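Structural characterization, general
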Amino acid sequence: MRSLFVALHRWAGLFTAAFLFLSGATGAVISWDHELDEWLNADLTKTTSSGPALPTLAIVQEVEARHPAIKVSYVPLAAEPGHALSFFVEPRVDEATGELFDVDYNQVFVDPVTGAELGTREWGSVWPITRKNVVSFLYVLHYSLHMPEMFGIERWGVWLMGVVALIWTIDCFTGFYLTLPLRRRARVNTGLAHDTSADQRVKSEGLGGEAKRSSWLQRWAPAWKIRWRGGSYKLNFDLHRAFSLWTWGLLLVIAFTAFSLNLYREMFFPAMSLVSDVTPSIFDLRERVPDEQAPPPQLDFAAALERSDILARNKGWQEPPGAIFYARNFGVYGVEFFYPQDGHGAGGAGHRTVHIDAQDGRELGVYEPWQGTVADLFVQAQFPVHSGRILGLPGRILISVMGVVIAMLSVTGVIIWWRKRGAKNGRARIG
């Protein structure tokens, strides 16, 4: 049985090693994506203007007038002092051809006080890698490898990394099993054979069981230690085994949440729905429409915002509207309610959001972080846990450190396999 687990761990590790090295290394960096992006691109994200901010929706109209080939899809309604407004945009449909305009950017940065445009960029672009897009490049690389669209499907990379995460999740248990010491055959204690007293037998058996447990733990203890002076092979082996044991719980959590996020629609949500009551979002219920076939909205941003604000106040929400977005593929407006300083969400779980139909303005549903059934809470926790944001700054530090650990485990695992393979081939040549 153990030889089977050794083979499973070996081949699972070899298949996932390169992917986990990339995801670990990039994960250590993108834990600080917002801070790094602002540091690298202060010319886009920071401002020095002072005074009252212009109406944000008026700025949207100016942006769309300057860029007739695009439509703004995400609008931050307020910015923190000293920060620019960052609008996400998408290409319009060219009525002459029925195709999308060719646009090489998806973000526009504007000074909220003066309305001056600070620049544009393509968030998540593959090439060329520049100061403007390096952080977003790493972010997309982390979960999709930037794999291109094939056969009309864009999610090949997301699916591949989801499968890698699923194998990794299962392999966490295989690897843990292999750290356990082999069981030794019980030996008959002939020195007790003459003792026919029942009390003595019970006492002896009890002491023997305790001794066996103590012996087993003593034999497992070296697996948790690192032999720093035992040579390169022993060092690699111990680093791989000991760090896997000390961080096993975190490795399992990161692996499982990576699987759940990448294969959410394909596996995670259907599986959760079988075992518990999960409240589907409006995007789970509506069919996705291709960009070119999406009908234009009958409501503009102002009308959608007014309608959503009324619905939010009727629900007793106190937060102001913080952002509005239009999901063209689903025909849905979403208005998020939060204060500017809380722009990154409630522990990574997002903001209170009202969803309305872009054609008639009817309410389609609301999202409230950390509300719903037990299954809803479990689903909502996947990204906050995976990113560490559920624990705030300490959680992000922990995830960043774990990214380095995952990359190290990938490298040491391959080195162990390579050294064993070399030794085996050497013995075969001698034989």
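If you're wondering where the values come from, they're calculated on a predicted model, not measured in any experiment.

Here the focus is the overall build of the chain. Counting its regular elements, the chain contains 15 helices and eight strands. Burial statistics for the chain: of 431 residues in total, 39% are counted as buried. The contacts of the chain with a sequence gap of at least 6 include a subset with a gap of at least 24, amounting to 59%. Of the roughly 24,400 Å² of accessible surface on the chain, a fraction of 62% belongs to carbon and sulfur atoms.

The terminal C-alpha atoms of helix α8 (residues 232–246), which comprises 15 residues, lie 21 Å apart, in line with the 21 Å expected from a rise of 1.5 Å per residue. Asn236, Asp238, Leu239, His240, Arg241, Ala242, Ser244 and Leu245 are the residues of α8 that are buried.

Taken as a whole, the second largest pocket encloses approximately 1,100 Å³ of empty space. Forming the boundary of the second largest pocket are 39 residues, of which His9, Arg10, Leu178, His240 and Gly413 lie nearest the centre. For the lining of the second largest pocket, the elements supplying multiple residues, two or more each, are α1 (2–30), α6 (156–179), α7 (198–220), α8, α9 (248–262) and α15 (392–430). Considering each element in turn, the lining of the second largest pocket owes the most residues, 10 residues, to α15. Tallied by class, residues from the lining of the second largest pocket come to 22 nonpolar, nine polar and eight charged.

This part takes up the environment of Val126. By secondary structure assignment, the location of Val126 is in the loop between β4 (117–121) and α5 (134–144). C-alpha separation for the pair Val126 and Leu141, spaced 15 residues apart in sequence, amounts to 8.9 Å.

Moving on: the packing of aromatic side chains. On inspection of all chains with the given rule, the structure shows 23 aromatic pairs. Considering the side-chain rings of Tyr264 and Phe269, the 5.6 Å spacing of their centres and the 50° angle between planes classify their relative orientation as tilted. We classify Phe269 as buried; its relative accessible area is 16%. Here the aromatic residues Phe173, Phe176, Trp220, Trp224, Trp246 and Trp248 are joined through ring pairs into a cluster of three or more. Positioned over the ring face of Tyr177 is Arg2, at 5.9 Å from the centre of the ring.

Val63, Val72, Val75, Phe87, Phe301, Ile324 and Tyr333 are the most contacted members of the largest nonpolar core, which has 29 residues in total. Elements with a minimum of two residues in this core: α4 (56–66), β1 (70–76), β2 (85–91), β3 (107–110), α12 (301–314), β5 (321–327), β6 (332–337) and β7 (352–357). Of the residues forming this core, the biggest block, five residues, is contributed by α12. Membership of the second largest hydrophobic core comes to 18 residues, among which are Leu252, Ile254, Ile399 and Ile406.

Once that is clear, we can look at the sheet that holds β7. Strand order in the open sheet formed by eight strands is β4-β3-β2-β1-β5-β6-β7-β8, and the pairing between neighbours is antiparallel. Among the strands making up the open sheet, the edge pair consists of β4 and β8 (363–367). Adjacent strand axes in the sheet meet at a mean angle of 25° when their direction is disregarded. Sheet analysis places β2 next to β3, joined by four bridges and oriented antiparallel. Within β3, the position partnered with Leu85 by the bridge is Val110. Against the sheet, α4 contacts β1, β2, β3 and β4, and its axis sits at roughly 155° relative to β1. Together, β1, β5, β6, β7 and β8 form the strand contacts of α12, whose direction differs from that of β6 by roughly 55°.

Moving on, we come to a nonpolar patch on the surface. Together, Phe21, Leu22, Val411 and Ile415 line one region of the surface with nonpolar side chains, adding up to about 290 Å² of accessible area. Secondary-structure elements contributing two or more residues to the nonpolar patch are α1 and α15. With respect to the helices and strands, Ile415 occurs in helix α15. With relative accessibility at 31%, the residue Ile415 sits in the partly exposed group.

Here the structure, examined in full by the defined rule, presents 18 salt bridges. Taken together, the shared-partner salt bridges in this structure form one network comprising Arg286, Asp357, Asp360 and Arg362.

Here is the key point about a regular strand: its side chains alternate between the two faces of the sheet. Residues Gln107 and Phe109 of β3 are buried on one face, and the alternating residues Val108 and Val110, pointing to the opposite face, are buried as well. The pairing of β3 with β4 spans four bridges and is classified as antiparallel. If you follow Gln107 over to β4, its bridge partner there is Arg121. Between β3 and β4, which pair antiparallel in sequence order, lie six residues; one of them, Gly115, sits at a positive phi of approximately 80°.

Another aspect to go through is the pairing of β5. In terms of burial, β5 is largely enclosed, as six of its seven residues are buried. Note that β5 and β6 share six bridges and pair antiparallel. Residue pairing for β6: Phe325 is matched across the bridge by Gly334. Where β5 folds back onto β6 in an antiparallel hairpin, the turn is made up of four residues, including Gly331, whose phi is positive at roughly 65°.

What follows covers the confidence of the model for the chain. Taken as a whole, the chain shows an average pLDDT of 88; of its residues, 90% reach a score of 70 or greater. A low-confidence stretch, residues 185–198 stays under pLDDT 50, and its non-local contacts, those more than four residues away or across chains, total five contacts.

On the secondary structure map, Asn41 appears in the loop between α2 (33–40) and α3 (42–45). Look at Asn41 and you get buried, because its relative accessible area is 0%. A polar side-chain atom of Asn41 sits 3.2 Å from a polar atom in the side chain of Arg131. Beyond its immediate stretch of four places on either side in the chain, Asn41 contacts Arg121, Arg131 and Lys132.

What counts, and at which threshold
All residue numbers refer to position in the chain's written sequence, counted from 1. With pLDDT at 70 or above as the cut-off, local features in this predicted model cover only qualifying residues; side-chain atom pairs require 80 or more to be listed or tallied, and sums for whole chains, interfaces and linings still use all residues. Neither water nor hydrogens contribute to the side-chain values; these are computed over all heavy atoms in the structure. By the criteria applied, helices consist of DSSP H or I runs no shorter than four residues and strands consist of E runs no shorter than two, each listed in order from the N terminus. The buried label goes to any residue with under 20% of its type's maximum accessible area, the exposed label to any with over 50%, and the partly exposed label to all in between, with areas taken from a 1.4 Å probe on protein chains only. Any pair of residues with heavy atoms lying within 4.5 Å of one another is described as a contacting pair. The method behind every accessible area is Shrake-Rupley, applied with a 1.4 Å probe, and residues are considered shielded solely by the protein chains displayed. Multiplying one less than the number of residues by 1.5 Å gives the expected span of a helix. Space inside and on the surface of the protein is sampled on a 1 Å grid over the protein atoms alone, with a cavity defined as a set of points where a 1.4 Å probe fits but cannot get out and a pocket as an open set with protein on both sides within 12 Å along at least 5 of 7 lines; lining residues have an atom within 4 Å of a point. Grid points are joined across faces, edges and corners, and a volume is the space filled by probe spheres set on the points. Asp, Glu, Lys and Arg are counted as charged, while Ala, Val, Leu, Ile, Met, Phe, Trp, Tyr, Cys and Pro are counted as nonpolar; the rest, among them Gly, fall into the polar class. Any Phe, Tyr or Trp ring, taking Trp's six-membered ring, that has another such ring centre within 6.5 Å forms a pair; planes under 30 degrees apart are called stacked, those over 60 apart edge-to-face, and the others tilted. Distance and angle both matter: a charge sits over a ring if NZ of Lys or CZ of Arg is within 6 Å of the ring centre and within 35 degrees of the ring normal. By convention a nonpolar core is built from buried Ala, Val, Leu, Ile, Met, Phe, Trp, Tyr and Cys residues, the set being connected through side-chain atoms within 4.5 Å. Paired strands are those between which DSSP finds at least two bridges. Axis definition: a line fitted to C-alpha atoms, over the contacting stretch in the case of helices. Angles run 0 to 180 degrees between N-to-C directions. Each patch is built from residues lacking any salt bridge and having more than 30% relative accessible area; the joining distance is 9 Å for like charges and 5 Å for nonpolar side chains (Val, Leu, Ile, Met, Phe, Trp, Tyr). Counted as salt bridges are all cases of a side-chain nitrogen of Lys or Arg within 4 Å of a carboxyl oxygen of Asp or Glu. Confidence of the predictor in every single residue is expressed as pLDDT, which spans 0 to 100. Counting of polar contacts relies on pairs of N or O atoms within 3.5 Å, with two restrictions inside protein: one atom must be capable of donating a hydrogen and the other of accepting it, and residues adjacent in sequence are counted only when both atoms are side-chain atoms.

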